[in-house]
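Below are the chains, spelled out letter by letter.
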Amino acid sequence: MQDVLGTDVQGAGDALSSGDAQGSGDEQSTAARLRKICDEVSDRFYERADVVRTLVVALLAGQHSLVLGPPGTAKSEIARELTGRVEGAAYWEILLSKFTAPTRMFGPVDVAALTRGEYRQVYEGRATTAHVAFIDEIFKCSTAALNETLGYLNERIYHPESGGEPIRCPLIGAITASNELPTGEDTAAIYDRLLVRIEVGYLADPSNFAALVRSAVSRPAAPVRTTVELAALQEAVTRTVPAVAVPDAIVDAVCALRAALRRKELVASDRRWRQAVGLLQASAYLDGRPAVAETDLTVLTHVLWDSPAQRPTVEREVLHLVNPDAKEALDLADALDELEAQLDAMAGQSREALSDWVIKKAHNRLATAGKRLEQLRAEAAGAGRSTAAIDRVTGRQRAVRARVLTEALGMDASMVQDRL
């Protein structure tokens, strides 16, 4: 099956396919199914593996997430694909605007009851009864709905229009999306409730873009669709994930990270740090480990920044703490950014000038970066350290090299993949 930013799903049915039996009490089975879901969804969407895994970790921690990026970057499709994998869950979705009334979100007035002189709301199919939710354009929340939305996200409660006892909502977690950051104090309060913040952009690798274009006219294959039962997910969120051990070494590392970020004048609230521990536990659980390890700290790169401009600093401090390989990889990423900026600055120049630039500067720098990244990955894997950051930079190197081949040398984008 192919999607707007998707690729063919590889493989078919195995012991974890949705048609197979799932033991509700088997914790390893639940984690394994969730890993399989991550793999399947990542295969459908180019350059989104980290996004998918982080969204699943946030859901396992019972936290809300924000996917931030321009239109047409598959934010909605990914959210729907993930939330639709929870069998038996009540799902709710809405696109907010400045005019969205609270009753549209939490329960419209029962017109039939109103004609009888009774004021009642119909909650079925609304946020009030949802286990998982997707809220698009979250920062366009109306002033009228603001307080109820805050209560819903923060405390999982809704205060009925007619008064009375607040309603406890069964929400596990919400995925939200926006094309822009909040601009006012009111929406900033909602932003603070979203623990996980993930940036997405347009496809960087020209070969992936070429595959995307080809997918628009190809016949989709039947997808592999692993699911997880609602009861199993709830068991993981409420019991198994909180039971994952947090060693003293991890506590020390978190304290060191907080101090390092404060030196950079990046300050997160005590509440955000405390909630982040649950993400570390969820990351370890998803990988099938009984205790948090240093590699789980990488999820904090999506937690400890307020503006996208701060994210690279947070990522560098986190990855420097996790392993030294990642720090050098990030230095190589800076060099790749500089190289790409040079390519952008040369737009409109002759093919001869571009070829000369490739021969004298770009080729050797790209080749050197590629070889060093291979060495770093081998060293990290051999030492049992995470290779996620190195893999991301390697993907960046491939994308820049593909741009050089297509834009500077005029190579057909459909042929680039074979040369990488």
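Predicted, not measured: the structure shown is a model, and the values here were computed from it.

Student: Is there a simple way to think about the overall build of the chain in this case?
Tutor: The helix and strand tally for the chain stands at 16 helices and nine strands. Taken against the 2.2 N^0.38 rule, which gives 22 Å for 420 residues, the C-alpha radius of gyration of the chain at 23 Å falls within 12% of a compact globule. Seen through its principal axes, the chain has C-alpha atoms that stretch 80 × 50 × 50 Å. Taking all 420 residues of the chain together, the buried fraction comes to 48%. Within the chain, contacts between residues at least 6 apart in sequence are counted, and of these 74% link residues at least 24 apart. Accessible surface computed for the chain: about 19500 Å², of which carbon and sulfur atoms make up 52%. Each charge class in the chain was averaged separately, 48 positive and 58 negative side chains, and the resulting centres sit 2 Å apart.

Student: Would you mind going over the side chain of threonine 301 with me for this structure?
Tutor: By secondary structure assignment, the location of threonine 301 is in the loop between helix 11 (270-286) and helix 12 (311-322). Beyond its immediate stretch of four places on either side in the chain, threonine 301 contacts Arg311, Val314, Glu315 and Val318.

Student: Help me understand the pairing of strand 3 (residues 91-95), please; the structure alone is not making it clear to me.
Tutor: Sheet faces and side chains relate simply in a regular strand, where the side chains alternate between the two faces. Here strand 3 shows a buried face lined by Trp92 and Ile94 and an unburied face lined by Tyr91, Glu93 and Leu95. Summarising the sheet, strand 3 and strand 4 (residues 132-136) pair through five bridges and their orientation is parallel. The partner of tryptophan 92 across the bridge, within strand 4, is alanine 133.

Student: Whenever I open this one, the environment of glycine 370 confuses me. Can you help?
Tutor: Tracing the backbone through its elements, the reader meets glycine 370 in helix 14 (residues 351-382). Along the primary structure glycine 370 and glutamine 397 are separated by 27 residues, whereas in three dimensions their C-alpha atoms are 6.7 Å apart.

Student: Teacher, can you tell me more about the nonpolar core here?
Tutor: For soluble globular proteins, the rule of thumb is that nonpolar side chains tend to be buried together. Counting 90 residues, the largest nonpolar core has Leu60, Trp92, Tyr152, Leu279, Leu300 and Leu304 as the members making the most contacts within it. In contact with tyrosine 152, other than residues within four places in its own chain, are Trp92, Phe106, Ala127, Ala130, Ala133, Ile157, Cys169 and Leu171. The next biggest cluster of nonpolar side chains, apart from the first, holds 21 residues, and it includes Ala329, Ala369, Leu373 and Val393.

Student: Please clarify how empty space enclosed by the protein should be interpreted in this entry.
Tutor: Gaps left between atoms are located by rolling a probe of water-molecule size over the structure's atoms. Throughout the structure, instances matching the rule amount to three cavities of 30 Å³ or more. Put simply, the largest cavity is a space of about 120 Å³. Lining the largest cavity are 13 residues, and of these Leu34, Val56, Leu59, Leu82 and Val86 lie nearest its centre. Mapped onto the lining of the largest cavity, the elements with two or more residues apiece are helix 1 (27-44), helix 2 (49-60) and helix 3 (75-83). Residue contributions to the lining of the largest cavity peak at four residues, all from helix 2.

Student: I would appreciate a short explanation of the side chain of threonine 100 in the present structure.
Tutor: Residue placement: threonine 100 occurs in the loop between strand 3 and helix 4 (102-106). Within polar-contact distance, the side chain of threonine 100 engages the backbone nitrogen of serine 97 at 2.9 Å. In this view, threonine 100 contacts Ile94, Leu95, Met105, Ser142 and Ala145; residues no more than four positions away in its chain are not counted.

Student: Is there a simple way to explain the environment of alanine 245 in this structure?
Tutor: Note on placement: alanine 245 falls in the loop between helix 9 (230-240) and helix 10 (248-263). Sequence spacing of alanine 245 and glutamine 281 is 36 residues, and the spatial spacing of their C-alpha atoms is 7.4 Å. Excluding its chain neighbours within four sequence positions, the residues that come into contact with alanine 245 are Pro290, Ala291 and Val292.

Student: Where do I start with the pattern of salt bridges in this structure?
Tutor: Any two side chains of opposite charge can pair if their charged atoms end up close together. Enumeration according to the criterion identifies 30 salt bridges in this entry. Put simply, glutamate 315 and arginine 311 hold a salt bridge, and the shortest N to O gap is 3.5 Å. Placement of both glutamate 315 and arginine 311 in helix 12 is noted, with a separation of four residues, approximately one turn of the helix. Exposure remark for arginine 311: the relative accessible area of 25% places this residue in the partly exposed category. Notably, a salt bridge pairs arginine 316 with aspartate 334, separated by 2.6 Å at the nearest N-O pair. Pair noted here: arginine 316 is in helix 12 and aspartate 334 is in helix 13 (residues 324-345), with a separation of 18 residues, a long-range link. Since its relative accessible area comes to 25%, arginine 316 is described here as partly exposed.

Student: Mind showing me how you'd approach the packing of aromatic side chains here?
Tutor: Remark: the centre distance and the inter-plane angle together describe each pair of aromatic rings, the angle taken between the planes. Counted according to the given criterion, the structure contains five aromatic pairs. Centre to centre, the rings of tryptophan 92 and tyrosine 152 are 6.3 Å apart; their planes meet at 85 degrees, and the pair counts as edge-to-face. Of this pair, tryptophan 92 sits in strand 3 while tyrosine 152 is found in helix 6 (residues 143-155), placing the two residues 60 residues apart along the sequence. Judged by relative accessible area, tryptophan 92 falls into the buried class, the value being 4%. Under the relative-accessibility criterion, tyrosine 152 is labelled buried at 1%. Summarising the aromatic geometry, the rings of phenylalanine 106 and tyrosine 152 are spaced 5.5 Å apart at their centres and angled 75 degrees between planes, so their arrangement reads as edge-to-face. With phenylalanine 106 in helix 4 and tyrosine 152 in helix 6, the pair connects residues that are 46 residues apart, well separated along the chain. Comparing phenylalanine 106 with tyrosine 152 shows no difference in burial state: the two are buried. Ring pairing ties together the aromatic residues Trp92, Phe106, Tyr123, Tyr152 and Tyr158, which thus form one cluster.

Student: Quick question: what am I supposed to make of the sheet that holds strand 8 (residues 196-199) here?
Tutor: Note: strands within a sheet are paired through backbone hydrogen bonds, in either parallel or antiparallel orientation. Read from one edge of the open sheet, five strands run 3-4-7-1-8, paired in parallel fashion. Either end of the sheet is taken by a strand with one partner, and the two such strands are strand 3 and strand 8. Put simply, the sheet's adjacent strands are angled 15 degrees from each other on average, direction ignored. Packed on one face of the sheet, helix 2 meets strand 1 (65-68), strand 4, strand 7 (173-178) and strand 8 and runs near 170 degrees to strand 8.

Rules and cut-offs
- Residues numbered from 1 in each chain as written.
- Predicted model: local features only at pLDDT ≥ 70, side-chain atom pairs only at ≥ 80, totals over all residues.
- Heavy atoms only, no water.
- Helix = DSSP H or I, 4+ residues; strand = E, 2+ residues; numbered from the N terminus.
- Rg over C-alpha atoms; globule rule 2.2 N^0.38 Å.
- Buried < 20%, exposed > 50% of the residue type's maximum accessible area, 1.4 Å probe, protein only.
- Contact = heavy atoms within 4.5 Å.
- Areas by Shrake-Rupley, 256 points an atom, 1.4 Å probe, with all protein chains shown as cover.
- Lys, Arg positive; Asp, Glu negative; His and termini not counted.
- Charge placed at Lys NZ, Arg CZ, Asp CG, Glu CD.
- Pairing = 2+ DSSP bridges.
- Core = buried A, V, L, I, M, F, W, Y, C linked by side-chain atoms within 4.5 Å.
- 1 Å grid on protein atoms, 1.4 Å probe; cavity = no way out; pocket = protein on both sides within 12 Å on 5 of 7 lines; lining within 4 Å.
- Points joined across faces, edges and corners; volume = space filled by probe spheres on them.
- Polar contact = N/O pair within 3.5 Å; in protein donor to acceptor, adjacent residues only side chain to side chain.
- Salt bridge = Lys/Arg side-chain N within 4 Å of Asp/Glu carboxyl O.
- Phe/Tyr/Trp six-rings, centres within 6.5 Å; stacked < 30°, edge-to-face > 60°.
- Axes fitted to C-alpha atoms, helices over the stretch in contact; angles between N-to-C directions.

Function cannot be inferred from these measures alone, as they are strictly geometric.
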